[in-house]
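Spelled out from the first residue to the last, the chains are:
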Amino acid sequence: MAVKNDHLNKFASGILFLMLGQTLSKGVNFLLNTLLVRYLSPRIFGITSFLEFLLSTVLFFSRESIRISTLRIKSSTDTGKDEKKEDDAIEISEDVATLQSLINFGYIPFLIGVPLSIILISWQYSNLNSYFVDLPYFKMSIFLIWLSILIELMSEPFYLVHQYLLSHYTRSKYESLGVTFACISNFVIVVWFEKMVNGAGFQLHDNHKQEGIAIFAFSVGKLVHAVTLLICYSYNYYSTSHKNAKGESYSYRLTKVDAGNKHEQYYFQSDTVQHFKKVYFQLCFKHLLTEGDKLIINSLCTVEEQGIYSLLSNYGSLITRLLFAPIEESLRLFLARLLSVRSNKNLRLSMKVLIDLTKFYLYLSLFIIIFGPTNSSFLLKFVIGSKWSSTTFLETIRSYCFYIPFLSLNGIFEAFFQSVASGDQIFKHSYVMMLFSGVFLFNCWLFIEYFDLSLEGLIVSNILNMALRIAYCGNFIFKFYHYLLSESVTNNTQSLKPNLSAFKTVSLVASVIGALDWYFIGYVENIQELLINAVLAVSLLIFVIYKEKGLISELLAAKNYTA
């Protein structure tokens, strides 16, 4: 039998819905932040970046391991199922026991998040500069950040159900609403204060109060985002989503689950709990590596430099958040469900998806490396405003372009690893991540302190860090497929090696175009030079399409994804 086309369609539609949701929400966020940059100083972006780091850290450690672990939760209907029936390879189970198990696991993030948020926020608050502590509304802002964390974690049971059922449209719609309302509320508060208070002559311009208002507006935005998510998910649950396809109800409350034929009851599935423990330990090191740059700049850089790096990350990683993040999330969901039954057809399908995504990332990386450094500063200098013109932002964004390809490629490789690795493999990876953490810290000291490269040194350290992580996961992927295919009846090891002949030719042509562009134009300084670069980029894109016309035709026809 063939692997059903519906499974791949769910993967493709998942990418589409998540990408559209990210584009809408991040687009609104980008537009309003671009307007806000003209009102706010680098110092304000530095402290809001710090608050964002607190919030994201608590949420990550509270819920990320649960989100990954519950992808492997076993349905009571799976007992005794013949795993050779490939049509059922990634069948979505909607039995009440499975959905109730997901709801129960959704309470774990809240139980972790409450004490973790209190400890982390209290610790960081005590170490803050007195200048920020004395700002108007700052204590209220910290409280709102803490409240938004708890409210967002309350919606986690709903999220797990929609994630398991691959309800990408519903999730992306609610997330888009949350981000949009948050950005609007943030923007309205800042602009209202600037125009109605400072600009209308009611009082003299007060920078101290303006900074306090900006931080307060940021906190209100996070609270609005969390409340919006909880309201939307709750409405969905109480209107339609509390019943499965058979009309059977499951409860939002913590409820015991019947263990099918075993006549046992439990709150949490034991094997999923064991996997959660191992994943949690591994993600601790991953997050420290992923967010390590923020920890470093908080320790080694000034508040102004922190603000520059915050804006740099927002603009520099825009393509990562709009394009790569939805692909990685959909790939993680798709592979976890597909490879739950490791048949030959499922293996070939997963290999085909992974190889094609890797080639797409490599081509996109070419465009970023060649046209990013020369065009980025010209495109952004019109939107960052006069308060940022004297900073090193425009120079640093050029270096950041070289970091984006490493960041993106690591994303899909680690998404694969998290989807298929066993508990022991994840545990081993944790120790490797610990080693990478040490290498990263040493590189940061070497390039930032010893060579005095400031933010450029941090970018170089991140590139080396990502290269190590890519190498580790790439080696795991090769060994994974080599081992499974060697056990199969039809050994097809050659399919592990992607055909990169077209990419090599395109890379050579791209290098020539990049060299000529740099020699005759260099950094773009006017519209005419920007248009020339646009023509060169379109020409290179046409050449890529020509060289990969066979692959593109196959993808459009979906021939290689069917039996």
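The chain is annotated in an unreviewed UniProt entry as Man(5)GlcNAc(2)-PP-dolichol translocation protein RFT1 from Kluyveromyces marxianus. You can read under Pathway (unreviewed entry) in the UniProt record for the chain the words "Protein modification; protein glycosylation." Check the Sequence similarities (unreviewed entry) section of the UniProt entry for the chain; it says "Belongs to the RFT1 family."

Asks: Provide a residue-level description of helix H4 (residues 108–126), including the pertinent values.
Replies: With 19 residues, H4 ought to run about 27 Å at 1.5 Å a step, and its terminal C-alpha atoms sit 28 Å apart, in line with that. In the structure, H4 departs most strongly from a straight axis at Leu-116, where the bend amounts to approximately 25 degrees. Buried residues of H4: Ile-108, Pro-109, Gly-113, Ser-117, Leu-120, Ile-121 and Gln-124, and no others.

Asks: Got a sec to walk through the nonpolar core? Specific residues and values, please.
Replies: Ranked by internal contacts, the top residues of the largest apolar core, which has 63 residues, are Phe-416 and Phe-480. Broken down by element, this core gets its largest block of residues, 12 residues, from helix H18 (residues 454–487). Taken domain by domain, the makeup of this core includes at least three residues from each of domain 1 (40–77 + 93–257 + 266–282) and domain 2 (301–498). Residues within four places of Phe-416 in sequence aside, it is in contact with Leu-335, Leu-339, Leu-354, Phe-476, Ile-477, Phe-480 and Tyr-481. Within the second largest apolar cluster, 28 residues are counted, among which are Ile-73, Tyr-164, Leu-165 and Tyr-237.

Asks: I'd like a description of the packing of aromatic side chains, backed by residues and values.
Replies: One pass over the full model with this rule turns up 32 aromatic pairs. With 5.0 Å between their ring centres and 85 degrees between their planes, Trp-518 and Tyr-523 make a pair best called edge-to-face. Linked through ring pairs, Tyr-107, Phe-158, Tyr-174, Tyr-233, Tyr-237, Tyr-238 and Tyr-252 together constitute an aromatic cluster. Positioned above the aromatic ring of Tyr-523 is the side chain of Arg-398, whose terminal nitrogen or guanidinium carbon lies 3.7 Å from the ring centre.

Asks: Account for the packing of helix H14 (residues 344–380) against helix H15 (residues 393–400), with residues named and values stated.
Replies: The N-to-C vectors of H14 and H15 enclose an angle of 145 degrees; their axes lie 8 Å apart at closest approach. For the pair H14 and H15, the crossing hand works out as right-handed. From H14, Pro-373, Ser-376, Ser-377 and Leu-380 reach across to H15, where they touch Phe-393, Leu-394, Ile-397 and Arg-398.

Asks: An account of a nonpolar patch on the surface is needed here, citing residue identities and associated values.
Replies: A contiguous nonpolar patch, built from Leu-177, Phe-181, Ile-184, Val-188 and Trp-192 and spanning about 460 Å² of accessible area, is present on the exposed surface. Take Trp-192: it is sitting in helix H8 (residues 168–198).

Asks: Which residues make up the packing of helix H3 (residues 96–105) against helix H7 (residues 156–164), and what values go with them?
Replies: Relative orientation and spacing of two packed helices are given, respectively, by the angle between their axes and the distance between those axes. Two elements in contact, H3 and H7, have axes whose closest approach is 7 Å; the angle formed by their N-to-C orientations is 140 degrees. Regarding the angle of H3 to H7, the classification is oblique. You can see that H3 and H7 cross each other, and the crossing is right-handed. For the pair formed by H3 and H7, the contact residues are Thr-98, Leu-99, Leu-102, Ile-103 and Phe-105 on the first element and Pro-157, Leu-160, Val-161 and Tyr-164 on the second. The residue makeup of the contact of H3 with H7, split by class, is eight nonpolar, one polar and no charged.

Asks: Please set out the pattern of salt bridges residue by residue, giving values where relevant.
Replies: Summed over the entire model, instances satisfying the criterion amount to seven salt bridges. Ionic pairing is found between Arg-67 and Glu-156, a salt bridge with its closest N-O pair at 2.6 Å. Remark: Glu-156 occurs in helix H7 and Arg-67 occurs in helix H2 (residues 42–69); sequence separation between them is 89 residues. Taken individually, Arg-67 and Glu-156 each receive the classification buried, so the pair is uniform in this respect. A salt bridge links Glu-548 to Lys-359, with the shortest nitrogen-to-oxygen separation between them at 3.6 Å. Of this pair, Glu-548 sits in the loop between helix H20 (527–547) and helix H21 (549–557) while Lys-359 is found in helix H14, placing the two residues 189 residues apart along the sequence. This pair shows no difference in class: Glu-548 is buried, exactly as Lys-359 is.

Conventions adopted
- Residues numbered from 1 in each chain as written.
- Predicted model: local features only at pLDDT ≥ 70, side-chain atom pairs only at ≥ 80, totals over all residues.
- Heavy atoms only, no water.
- UniProt positions renumbered as here; feature names shortened; annotations may be inferred.
- Helix = DSSP H or I, 4+ residues; strand = E, 2+ residues; numbered from the N terminus.
- Expected span 1.5 Å × (residues − 1).
- Bend = angle between axes of the 7 residues up to and from the residue.
- Buried < 20%, exposed > 50% of the residue type's maximum accessible area, 1.4 Å probe, protein only.
- Core = buried A, V, L, I, M, F, W, Y, C linked by side-chain atoms within 4.5 Å.
- Domains from an automatic or database assignment.
- Contact = heavy atoms within 4.5 Å.
- Phe/Tyr/Trp six-rings, centres within 6.5 Å; stacked < 30°, edge-to-face > 60°.
- Lys NZ or Arg CZ within 6 Å of the ring centre and 35° of its normal.
- Axes fitted to C-alpha atoms, helices over the stretch in contact; angles between N-to-C directions.
- Left-handed = near helix turned anticlockwise from the far one by under 90°.
- Patch = residues over 30% accessible without salt bridge, like charges linked within 9 Å, V, L, I, M, F, W, Y side chains within 5 Å.
- Areas by Shrake-Rupley, 256 points an atom, 1.4 Å probe, with all protein chains shown as cover.
- Salt bridge = Lys/Arg side-chain N within 4 Å of Asp/Glu carboxyl O.
- Parallel < 35°, antiparallel > 145°, perpendicular 65-115°, else oblique.
- Nonpolar A, V, L, I, M, F, W, Y, C, P; charged D, E, K, R; others polar.

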